[in-house]
There are 2 protein chains.
Amino acid sequence: MTNRNLKHSIISLTVSRFSFNYISDNNTWCSFNDVSQLHSSTAFVIGLQHNWVYLIDHFGFLEDGTFKQRYLVADKHWKQPAGPILFYTGNEGDITWFCNNTGFMWETAAQLGAMLVFAEHRYYGESLPFGQDSYSDSKHLNYLTSEQALADFAVLIENLKSTLPGAQHSPVIAVGGSYGGMLSAWFRMKYPNIVVGALAASAPIWQFPGMVPCGDFYKIVTQDFARSGYNCDANIRKSWKAINNVTSTVSGLQWLSEEFNLCSPLKNVMDTVTFKNWLQETWVNLAMVDYPYEANFLQPLPPWPIQVVCKYLGFDSTVSDYELLHGVSQAAKIYYNYTGTSSCLNMSQTATGSLGYLGWFYQACTEMVMPMCTDGIQDMFEPEEWNFQAFSDECNAMFGVRPRADWAGTVYGGKDIASHSNIIFSNGGLDPWSAGGVNYNMTESLVSIVIPEGAHHLDLRYSNDHDPPAVRAARALEVKYFQKWISQAKKAPQTSEPNI
Amino acid sequence: MTNRNLKHSIISLTVSRFSFNYISDNNTWCSFNDVSQLHSSTAFVIGLQHNWVYLIDHFGFLEDGTFKQRYLVADKHWKQPAGPILFYTGNEGDITWFCNNTGFMWETAAQLGAMLVFAEHRYYGESLPFGQDSYSDSKHLNYLTSEQALADFAVLIENLKSTLPGAQHSPVIAVGGSYGGMLSAWFRMKYPNIVVGALAASAPIWQFPGMVPCGDFYKIVTQDFARSGYNCDANIRKSWKAINNVTSTVSGLQWLSEEFNLCSPLKNVMDTVTFKNWLQETWVNLAMVDYPYEANFLQPLPPWPIQVVCKYLGFDSTVSDYELLHGVSQAAKIYYNYTGTSSCLNMSQTATGSLGYLGWFYQACTEMVMPMCTDGIQDMFEPEEWNFQAFSDECNAMFGVRPRADWAGTVYGGKDIASHSNIIFSNGGLDPWSAGGVNYNMTESLVSIVIPEGAHHLDLRYSNDHDPPAVRAARALEVKYFQKWISQAKKAPQTSEPNI
């Protein structure tokens, strides 16, 4: 990776990794094509709201433009008045996709008598502050920050509570996964007046400079492969050199392109770099979605997909470069062509179109600075140091902005968050993003739930017969905390005598 | 007041009231003319810092301009390493003035072994983001918000802690009065990772729409006069009509101008409105600075100045308009000409030039929407309702911006702040701003200290032989809380088992 094209590496490594996990199930409750299932019997609003205005800039008064923020509401199970609201803090993509892939909320609504709200994050999906111009330049992108998104959520909730009959005293709980989980946690930290608690699933709130070792992420990816098949990680570690060897000749480039059935054949060394980045991203994606049951991602995947992949990577040390790369191609095709319907493998697409890559890229280039590195020893990748300056230069070239390495830690507290309350940090042991997560109980009300056999926020998904016991227990505990927070909220504020 | 010129009323009533209280004592520790007393024996920095950059916009990445923020440091008593830091969250004015008028911090430093830092609020004093252009238009004013100011403070403290030897583990306590007290409280709420606690003195964090009755402020002013002399409030209440009567003729206007020795004689009805606003502001200012000892405000004032003023306002109900207004003029001269050195009374100046009126006006026209009203019955003023729309139109005409009535409540929590911790809200019973303050213990660590005989943040001032016992006790209790927070901070974060 030392020769990696940084621009590509930013896209493929640092930026776009979130959320490849949101496997689209057949539940289309959140699709506008099938609104009936989402629609409430009491005719509450669903989908785009045209009547309420959302400020483009909450933190300045010069720009008083507004935009339409999309959100979805389901109140089938809501107990009026004052029944709780589960509020999904939308992340970097189309909100209907997150809505479809957060079955936990749907399955919990009845038990809690809760209304569900899924709020789309500004600059994603259909919530574009400047319409088609939103991404046109850094001036238009200037309002794409987590702080603005949290303010959107706060204003939306206050509007809902003041206008929906019966919602005035409804306690609101924030729920989110991945970046959405970070937003949930931060929402509770910054607006405890708006949400009584938060479930931050697979939220790497510490994947920022100086908080966790930059190599832990890839170590976990590597461990997932190491535990899933004989020599699996070792052979992937070997594969990079094999790729370098084979692609050193024109005939080798051609062979590899054919072996992988690439849509665009490799032509030179730069293409080889792209190819390795694409493979690396593939292994990371697999680690994120290593779920115990068949799931429909971009393409369908089998249960425990890494185990299936590793069946093709169980070579002994005597394997030749060509044999090894044949195995790697078979493995990659599990991820990209499990059903055999792809005519070729497209290196430019590794995940769903429901995610807003460019938007997340901009966020990574501004606030969401998440150092990553590899050493090739404790992980199975080519060594690459974290180079902030190079990253910053790349961001400047692309967007005309530079990342602020320390800002997220300053504004969201870094490791110094113990004074906050009522946040569940759930993490999966298989999920590389758990490296940047909170994996211990900080206080009695800042708690960690670890799901050893869990990939990226497995707990937020619909329940499944093949769910490991730990995720069932996690969901049950999460609901218990929800109930505790709801019950706390219903008690009037206590006035107590200071004790000093 | 129903006919009041709104533009004037905004300036004189809603906006400029804060901080007329910062009486300049003879302590010039914070003056650059006498730096020696401020200067630390260990040669730490004082005054303008040229080396560190402060972002003009913390919440967007398009604008990466920087400015110099002024702050003052005194470390004479600081115990390295890890001695605490008392951090004054500067409000709407020159920081040296606040520094001079916050004797409590100076007197506490030795006891706590604390370093003192006084940080100037952006757009005030010498901390001008765009230099002389900072106030040129709403575009340049766009970064004048409390959120930006808090971010400045956070970044400054992180810089200090990472660069000053021995400061890395120093617990920081925010201290502020008036708007600075609001900032202190909000700083702890929003950045508990940066400050372990806050003393919010005379901080009307609830003087926002829908939180407290708009008339309470003026009720307290009225009570101060009612308790300070026979018929004092009643005669002020009568004076407005007397002014209307007398100024209905040209000769009456002339008589009144001469009686008050006004620098600019009254010429018409509009001038009469201005005159009444100016008088109303005078009574409010007196309520804010009704201190028990002689103090040097804009002009020097006697101990308990309202009692002195009321000596001229003890008429029976039979008093004539002219007699009454003669008494009012004598009273006003106590405030404006106690020492007899003023050649005339200037209606355009009611308080120190160390305050940034225009900046605070802009803040009131954006975030700091503080409804005020009078009814002439429970208060001694002409009735005037709170009219948000008129206020908003006035702001729009002046700055091209409109206030957001609900934003402060959304972002800073309004009355729903019980989940926060370690904030002292101190208020004086004589201080009209206590109407918007927190006057009861919300939780064990969100505590109220009421000083019945106290005017506007008396507790922050230097101690004085004439201090009432309540303010001595208040200061002692505040220091006790400081010590408790410092001791809490020194303990490592506890990891506890959740209890559910």
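See above for the structure.
First, a word on scope: everything that follows refers to the structure included in this document. Source: prediction; values computed, not measured.

1. Here's the deal with the pattern of salt bridges
Part 1 of the argument: Within the structure shown, the criterion is met by 16 salt bridges over all chains.
Part 2 of the argument: Ionic pairing is found between Arg70 of chain B and Asp94 of chain B, a salt bridge with its closest N-O pair at 3.2 Å. One end of the pair, Arg70 of chain B, is in the loop between strand 2 (66-67) and strand 3 (71-74); the other, Asp94 of chain B, is in the loop between strand 4 (85-89) and helix 3 (95-100), and 24 residues separate them in sequence.
Part 3 of the argument: Of the residues examined, Arg70 of chain B reaches a relative accessible area of 1% and is grouped as buried.
Part 4 of the argument: Among the salt bridges present, the one from Arg70 of chain B reaches Glu126 of chain B, with a minimum N-O distance of 3.3 Å. With Arg70 of chain B in the loop between strand 2 and strand 3 and Glu126 of chain B in the loop between strand 5 (115-119) and helix 5 (138-141), this residue pair connects regions lying 56 residues apart in the sequence.
Part 5 of the argument: Linked through salt bridges whose partners overlap, the residues forming this network are Arg70, Asp94, Glu120 and Glu126 of chain A.

2. Some thoughts on the state of the cysteines
Residues and elements named next belong to chain B.
Part 1 of the argument: A complete count under the given rule lists 8 disulfides over all chains for this structure.
Part 2 of the argument: Here Cys214 pairs with Cys373 through a disulfide, and the sulfurs are 2.0 Å apart. Residues Cys214 and Cys373 are joined through a disulfide that is right-handed, its torsion about the S-S bond being 90°. Here the residue Cys214 occupies a position in the loop between strand 7 (197-201) and helix 8 (216-226), and Cys373 occupies one in the loop between helix 14 (357-364) and helix 15 (388-399), the gap between them amounting to 159 residues.
Part 3 of the argument: A relative accessible area of 15% places Cys373 in the buried class.
Part 4 of the argument: Each sulfur in the disulfide pair Cys232 and Cys310 lies 2.0 Å from the other. Across the S-S bond linking Cys232 and Cys310, the dihedral sits near -80°, which makes this disulfide left-handed. On the criterion of sequence distance, the pair formed by Cys232 in helix 9 (residues 232-246) and Cys310 in helix 12 (residues 305-310) is long-range, its members being 78 residues apart.

3. Comments concerning helix 16 (residues 469-490) of chain A
Residue and element names in this part refer to chain A.
Part 1 of the argument: For helix 16, spanning 22 residues, the distance from its first C-alpha to its last is 32 Å, which sits close to the expected 32 Å at 1.5 Å a residue.
Part 2 of the argument: Every buried residue of helix 16 is accounted for by Val471, Ala474, Arg475, Glu478, Val479, Tyr481, Phe482, Trp485 and Ile486. All buried residues of helix 16 project into a common sector of 160° when viewed along the axis, lining one side. When the buried face of helix 16 is taken as reference, the exposed residues oriented beyond 90 degrees from it are Pro469 and Lys490.
Part 3 of the argument: Buried positions along helix 16 lie against strand 5 (85-89), helix 4 (103-112), strand 7 (172-177), strand 8 (197-201), strand 11 (423-428) and strand 12 (446-451).

4. A short note on the sheet that holds strand 10 (residues 423-428) of chain B
Adjacent strands of a sheet form backbone hydrogen bonds with each other and so pair up, either parallel or antiparallel.
Residue and element names in this part refer to chain B.
Part 1 of the argument: One open sheet accounts for 7 strands, arranged 3-5-4-6-7-10-11; its pairing is mixed. Whereas interior strands pair on both sides, the edge strands pair on one side only; in this sheet they are strand 3 and strand 11 (446-451). With strand direction ignored, the average angle separating the axes of adjacent strands in the sheet is 15°.
Part 2 of the argument: One ladder, built from 4 bridges, connects strand 7 with strand 10; its direction is parallel. Paired with Ala200 across the bridge in strand 10 is Phe425.
Part 3 of the argument: Along the sheet, helix 17 (residues 469-490) makes contact with strand 4, strand 6 (172-177), strand 7, strand 10 and strand 11, crossing strand 11 at roughly 160°.

5. A word on the relation of the copies chain A and chain B
Part 1 of the argument: Of the two same-sequence chains, chain A is brought onto chain B (RMSD 0.0 Å, axial shift 0.0 Å) by a rotation of 180°. Both chain copies can therefore be described as sitting about a two-fold axis. Among all residues of chain A, the one whose C-alpha sits closest to the rotation axis is Lys190 of chain A, at a distance of 3.0 Å.

6. Structural notes on the nonpolar core
Part 1 of the argument: One finds Trp283 of chain A together with Trp283 of chain B to be the most contacted residues of the largest nonpolar core, which totals 308 residues.
Part 2 of the argument: The contacts of Trp283 of chain B, once residues within four sequence positions are left out, are Val221, Phe225, Ile236, Trp240, Val309, Val328, Ala331, Ala332, Met380 and Phe381 of chain B.

7. Examining the environment of Gly83 of chain B
Residue and element names in this part refer to chain B.
Part 1 of the argument: Locating Gly83 in the fold gives a position in the loop between strand 3 and strand 4.
Part 2 of the argument: Taking the relative accessible area as the measure of exposure, Gly83 reaches 5% and is therefore buried.
Part 3 of the argument: In sequence terms Gly83 and Ala331 are 248 residues apart; their C-alpha atoms lie 48 Å from each other.
Part 4 of the argument: Contacts of Gly83, omitting those with residues within four sequence positions, involve Trp78, Gly113, Ser170 and Pro171.

8. Re helix 9 (residues 250-259) of chain A
Residue and element names in this part refer to chain A.
Part 1 of the argument: For helix 9, the set of buried residues is Gly252, Leu253, Leu256, Ser257 and Glu259. Mapping the buried residues of helix 9 onto a view down its axis gives an arc of 165°, with all of them on the same face. Summarising the geometry of helix 9, the exposed residues directed more than 90 degrees from the buried face are Val250, Ser251 and Glu258.
Part 2 of the argument: Of the surrounding secondary structure, the elements contacted by the buried residues of helix 9 are helix 8 (232-246), helix 10 (269-288) and helix 12 (321-336).
Part 3 of the argument: Positive phi shows up at Asn261, right after helix 9, with a value of about 55°.

9. Describing the pairing of strand 6 of chain B
Residues and elements named next belong to chain B.
Part 1 of the argument: By the criterion of burial, strand 6 is predominantly enclosed, with 6 of the 6 residues buried.
Part 2 of the argument: Of the two faces of strand 6, the one lined by Val172, Ala174 and Gly176 and the one lined by Ile173, Val175 and Gly177 are each fully buried.
Part 3 of the argument: Here strand 4 runs beside strand 6; their pairing, made up of 4 bridges, is parallel. Bridging from a neighbouring strand, Tyr88 pairs with Val175 of strand 6.
Part 4 of the argument: In the sheet, strand 6 pairs with strand 7 via 5 bridges, with the strands oriented parallel. Paired with Gly176 across the strands is Ala200, a residue of strand 7.
Part 5 of the argument: Where the polypeptide runs from strand 6 across helix 7 (residues 179-190) and back to strand 7, its parallel neighbour, the crossover connection is right-handed.

10. Here we look at the packing of helix 4 of chain A against helix 16 of chain A
Residue and element names in this part refer to chain A.
Part 1 of the argument: Helix 16 packs onto helix 4 with a crossing angle of 50° between their chain directions and a minimal axis gap of 11 Å. Classified by the angle between their axes, helix 4 and helix 16 sit oblique to one another. The crossing of helix 4 and helix 16 is right-handed. For the pair helix 4 and helix 16, contact is made by Phe104, Thr108, Gln111 and Leu112 and by Arg475, Glu478, Val479, Phe482, Gln483 and Ile486, respectively.

11. Considerations on the packing of aromatic side chains
Part 1 of the argument: Counted under the stated rule, the structure contains 68 aromatic pairs over all chains.
Part 2 of the argument: Between the aromatic rings of Trp106 of chain B and Phe118 of chain B, the centroid separation amounts to 5.8 Å while the plane-to-plane angle is 15°, which identifies the pairing as stacked. A residue pair is termed long-range when its members are at least 10 positions apart, and Trp106 of chain B in helix 4 (residues 103-112) and Phe118 of chain B in strand 5 qualify at 12 residues.
Part 3 of the argument: With relative accessibility at 10%, the residue Trp106 of chain B sits in the buried group.
Part 4 of the argument: The class of Phe118 of chain B is buried, set by a relative accessible area of 1%.
Part 5 of the argument: Seen from their ring centres, Trp278 of chain B and Tyr336 of chain B are 5.0 Å apart, and the 20° between their planes marks the pair as stacked. Of this pair, Trp278 of chain B sits in helix 11 (residues 269-288) while Tyr336 of chain B sits in helix 13 (residues 321-337), and the two are 58 residues apart along the sequence. Take Trp278 of chain B and Tyr336 of chain B: they sit in the same class, and that class is buried.
Part 6 of the argument: By way of ring pairs, the aromatic residues Tyr88, Trp97, Phe98, Trp106 and Phe118 of chain A are connected into one cluster.

12. A short note on unusual backbone geometry
Part 1 of the argument: For the peptide bond that leads from Gln80 of chain A to Pro81 of chain A, omega is -15°, which places it in the cis range.
Part 2 of the argument: By secondary structure assignment, the location of Pro81 of chain A is in the loop between strand 4 (70-74) and strand 5.
Part 3 of the argument: For Tyr123 of chain B, which is not a glycine, the phi torsion comes out positive at approximately 80°.
Part 4 of the argument: Relative to the assigned elements, Tyr123 of chain B resides in the loop between strand 5 and helix 5.
Part 5 of the argument: A positive phi angle, near 65°, is found at Ser178 of chain B, a position not held by glycine.
Part 6 of the argument: As for its placement among the helices and strands, Ser178 of chain B is situated in the loop between strand 6 and helix 7.
Part 7 of the argument: When its relative accessible area of 0% is taken as the criterion, Ser178 of chain B is described as buried.

13. Let's talk about the interface of chain A and chain B
Part 1 of the argument: With 56 residues of chain A at the interface, the matching set in chain B holds 56 residues.
Part 2 of the argument: Of the roughly 4,700 Å² buried where chain A meets chain B, counting both sides, 57% is carbon and sulfur surface.
Part 3 of the argument: Where chain A touches chain B, the interface holds 0 salt bridges.
Part 4 of the argument: There are 15 residue pairs in polar contact (both at pLDDT 80 or more) connecting chain A and chain B.
Part 5 of the argument: Among the secondary structure elements, those contributing two or more residues to the side of chain A that touches chain B are helix 5 (146-163), helix 6 (179-190), helix 15 (407-412) and helix 16 of chain A.

14. Quick look at the environment of Gly90 of chain A
Residue and element names in this part refer to chain A.
Part 1 of the argument: Counting through the fold element by element, Gly90 comes out in the loop between strand 5 and helix 3 (95-100).
Part 2 of the argument: For the pair Gly90 and Gly176, spaced 86 residues apart in the sequence, the C-alpha separation amounts to 7.0 Å.
Part 3 of the argument: Setting aside chain neighbours within four positions, we find Gly90 in contact with Ile95, Ala119, His121, Phe153 and Leu183.

Each value, and the rule that gives it
- Residues numbered from 1 in each chain as written.
- Chains lettered and ligands numbered in written order.
- Predicted model: local features only at pLDDT ≥ 70, side-chain atom pairs only at ≥ 80, totals over all residues.
- Heavy atoms only, no water.
- Salt bridge = Lys/Arg side-chain N within 4 Å of Asp/Glu carboxyl O.
- Helix = DSSP H or I, 4+ residues; strand = E, 2+ residues; numbered from the N terminus.
- Buried < 20%, exposed > 50% of the residue type's maximum accessible area, 1.4 Å probe, protein only.
- Disulfide = S-S within 2.5 Å.
- Expected span 1.5 Å × (residues − 1).
- Arc of directions from axis to C-beta.
- Contact = heavy atoms within 4.5 Å.
- Pairing = 2+ DSSP bridges.
- Axes fitted to C-alpha atoms, helices over the stretch in contact; angles between N-to-C directions.
- Least-squares fit on C-alpha atoms with pLDDT ≥ 70 in both.
- Core = buried A, V, L, I, M, F, W, Y, C linked by side-chain atoms within 4.5 Å.
- Right-handed = clockwise from strand over helix to strand, strands pointing away.
- Parallel < 35°, antiparallel > 145°, perpendicular 65-115°, else oblique.
- Left-handed = near helix turned anticlockwise from the far one by under 90°.
- Phe/Tyr/Trp six-rings, centres within 6.5 Å; stacked < 30°, edge-to-face > 60°.
- Buried area = accessible area lost by both parts, 1.4 Å probe.
- Polar contact = N/O pair within 3.5 Å; in protein donor to acceptor, adjacent residues only side chain to side chain.

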